[in-house]
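# Close look at the chain arrangement
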Amino acid sequence: MSTWIVIVAVGLGSYLFRLSMVILTGRITMPAYLERASGLVAPAAFAALAAAGVAEACGGHGLTQAAAPLIAVAAAVIAVLRTGSPQAAILAGLPALWVATALLPS
Amino acid sequence: MISLRADRSDIAAGARAMVPWLAGIVPFGLVIGVSAAQADIPAMAGWLTGPLIYAGSSQVATIGMLDAGAAPVIVVASALIINIRLIFYSATMARYWRGTPWWWRLAAAYLIVDPSVAVGLDGYQRLSRDRAHAHYFGGAVLLWVCWLAAIGAGATVGAGLPAWLHLEFVMPLYLVGAVVPKVTSPAQRRAILAAATVALLALSAPLQLGIALAIAAGVIAGLTAEPRR
């Protein structure tokens, strides 16, 4: 139940954000530091979610199997740096994860 | 005056201007669909983040934190913090929508998100006001349709694939791919490193508060870097 309430609440809040300045047009000016901060939220959120996701994938396995996600992330980082394409992360990282999971002793 | 009948060529031009964006947006939608299918939430709830929240990064946080069992208040607060940028987009578009009918502003505001604002602004800077409205509408609606279709396709495919594919790892990999190119900017690099570090340190924080703490730490760390001139 709370899943639905959360999604509706985030959706409603987001819509009010979108509508806010269109309705209040010209009556409020936003401080500059808040604009700088808002540009940093998405990279920070992505980094936090990625780190937590990788840590979760490493947890609950033996030491050697925990290395598989880390190998996959390393392959992903190298692929993105070499190609300059964000999509390369999945294209290189996922096969690396399959190979590492199959080869590492459990 | 808003008259979409007369502006078909501008609607089409707006839609065409959106096409290059779709190359990045459609894979993101697919990944969100796949991760929603893997997450411990109803399939319909995962897809509904598309039309209801309609902002990828916030949808990822919502799905991920619900899956991890975070407290509802923490999920809502974190997802809305990620969407604060929408207020700035709203301010940007407001000056072009002054004097337009209510129904237009209610609908056009709903479609505000990073790519639609970018395509829309280009139109408002080049075209007359009326034609630019049609340009924005064409781009924004195409984006909306493709976004929801991509999430639906990802959720459908993701639910039926075998476990050894480890599709639950697609989202972390996607996020790594999105973050790595950003480390060239000093402020974003600090934000990324601080957020990742705090997220790891706070893994066992109560109520899954770690993600919210990590975002806050990342933003504060990023603000300490000199703004680029």
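## Topic: the overall build of chain A
- What chain A contains, in helices and strands, is four helices and zero strands.
- Looking at the 106 residues of chain A, the share that counts as buried comes to 43%.
- Long-range contacts, defined here as pairs at least 24 residues apart, represent 45% of the contacts in chain A between residues at least 6 apart.

## Things to note about the overall build of chain B
- Scanning chain B from N- to C-terminus turns up 11 helices and zero strands.
- Listed by position from the N terminus, the elements making up chain B come as α-α-α-α-α-α-α-α-α-α-α.
- Scaling as 2.2 N^0.38, a compact globule of 229 residues should have a C-alpha radius of gyration of about 17 Å, and chain B matches this with 19 Å.
- C-alpha atoms of chain B, sized along the principal axes, occupy 55 × 50 × 30 Å.
- Out of the 229 residues belonging to chain B, those deemed buried represent 50%.
- For chain B, restricting intrachain contacts to residue pairs at least 6 apart in sequence, the fraction spanning at least 24 positions comes to 71%.

## Here's the deal with the interface of chain B and chain A
- Each side of the interface is counted separately: chain B has 73 residues, and chain A has 59 residues.
- Of all the secondary-structure elements, those providing two or more residues to the side of chain B that touches chain A are α2 (43–53), α3 (56–67), α4 (72–82), α5 (85–97), α6 (102–110), α9 (170–179), α10 (186–201) and α11 (210–223) of chain B.
- Among the elements that line the side of chain B that touches chain A, the one with the most residues is α9(B), at 10 residues.
- Partitioning the side of chain B that touches chain A into residue classes produces 56 nonpolar, 13 polar and four charged.

## A short note on the nonpolar core
- With 112 residues, the main nonpolar core has A:Ala44, A:Ala48, A:Ala76, B:Ala195 and B:Ile215 as its most contacted residues.
- Once residues lying within four places of it in the same chain are set aside, the contact partners of A:Ala76 are A:Ala89, A:Ala92, A:Gly93, B:Leu173, B:Val176 and B:Gly177.

## Observations concerning unusual backbone geometry
Residue and element names in this part refer to chain B.
- Positive phi, close to 50°, is recorded for Tyr 54, a residue that is not glycine.
- Turning to its location among the elements, Tyr 54 is positioned in the loop between α2 and α3.
- Take Tyr 54: there are 24 C-beta atoms within 10 Å of it, and that puts it in the buried class.
- A positive phi angle, close to 50°, is found at His 166, a residue other than glycine.
- Among the secondary structure elements, His 166 is positioned in the loop between α8 (129–160) and α9.

## A few points about the domain arrangement of chain B
Residues and elements named next belong to chain B.
- Domain boundaries assigned for chain B yield domain 1 (8–163) and domain 2 (185–223).
- Its C-alpha centre places domain 1 at a distance of 25 Å from the equivalent point of domain 2.
- Of the residues lining the interface, 10 residues belong to domain 1; the matching set on domain 2 comes to six residues.
- Sorting the residues of the side of domain 1 that touches domain 2 by element identifies α3 and α4 as the ones contributing at least two each.
- Element by element, the count of residues in the side of domain 1 that touches domain 2 is highest for α4, at four residues.
- Within the side of domain 1 that touches domain 2, the residues separate by chemical class into eight nonpolar, two polar and no charged.

## Considerations on α2(B)
- Buried residues of α2(B): B:Gly46, B:Trp47, B:Leu48, B:Thr49, B:Gly50 and B:Ile53, and no others.
- With its phi angle positive at about 50°, B:Tyr54 sits one or two positions after the end of α2(B).

## Details of the environment of B:Ala94
- Along the chain, B:Ala94 falls in helix α5.
- For the pair B:Ala94 and B:Arg105, spaced 11 residues apart in sequence, the C-alpha to C-alpha distance is 8.8 Å.

## Quick look at the confidence of the model for chain B
Residues and elements named next belong to chain B.
- Per-residue confidence for chain B gives a mean pLDDT of 89, with 95% of residues at or over 70.
- α6 holds the highest mean pLDDT among the elements of chain B, 95, whereas α5 holds the lowest, 88.
- Two numbers describe this predicted complex: its pTM, 0.83, and its ipTM, 0.86.

## Re the environment of B:Ala191
- Take B:Ala191: it is sitting in helix α10.
- For the pair B:Ala191 and B:Gly218, spaced 27 residues apart in sequence, the C-alpha to C-alpha distance is 3.9 Å.
- Leave out the neighbours within four places in its chain, and B:Ala191 touches A:Leu40, A:Pro43, A:Ala44, B:Gly218, B:Val219, B:Ala221 and B:Gly222.

The rules we used
- Residues numbered from 1 in each chain as written.
- Chains lettered and ligands numbered in written order.
- Predicted model: local features only at pLDDT ≥ 70, side-chain atom pairs only at ≥ 80, totals over all residues.
- Helix = DSSP H or I, 4+ residues; strand = E, 2+ residues; numbered from the N terminus.
- Buried ≥ 20, exposed ≤ 12 C-beta atoms within 10 Å, placed from the backbone.
- Contact = placed C-beta atoms within 7 Å.
- Rg over C-alpha atoms; globule rule 2.2 N^0.38 Å.
- Nonpolar A, V, L, I, M, F, W, Y, C, P; charged D, E, K, R; others polar.
- Core = buried A, V, L, I, M, F, W, Y, C linked by C-beta atoms within 7 Å.
- Domains from an automatic or database assignment.
- pLDDT = per-residue confidence, 0-100.

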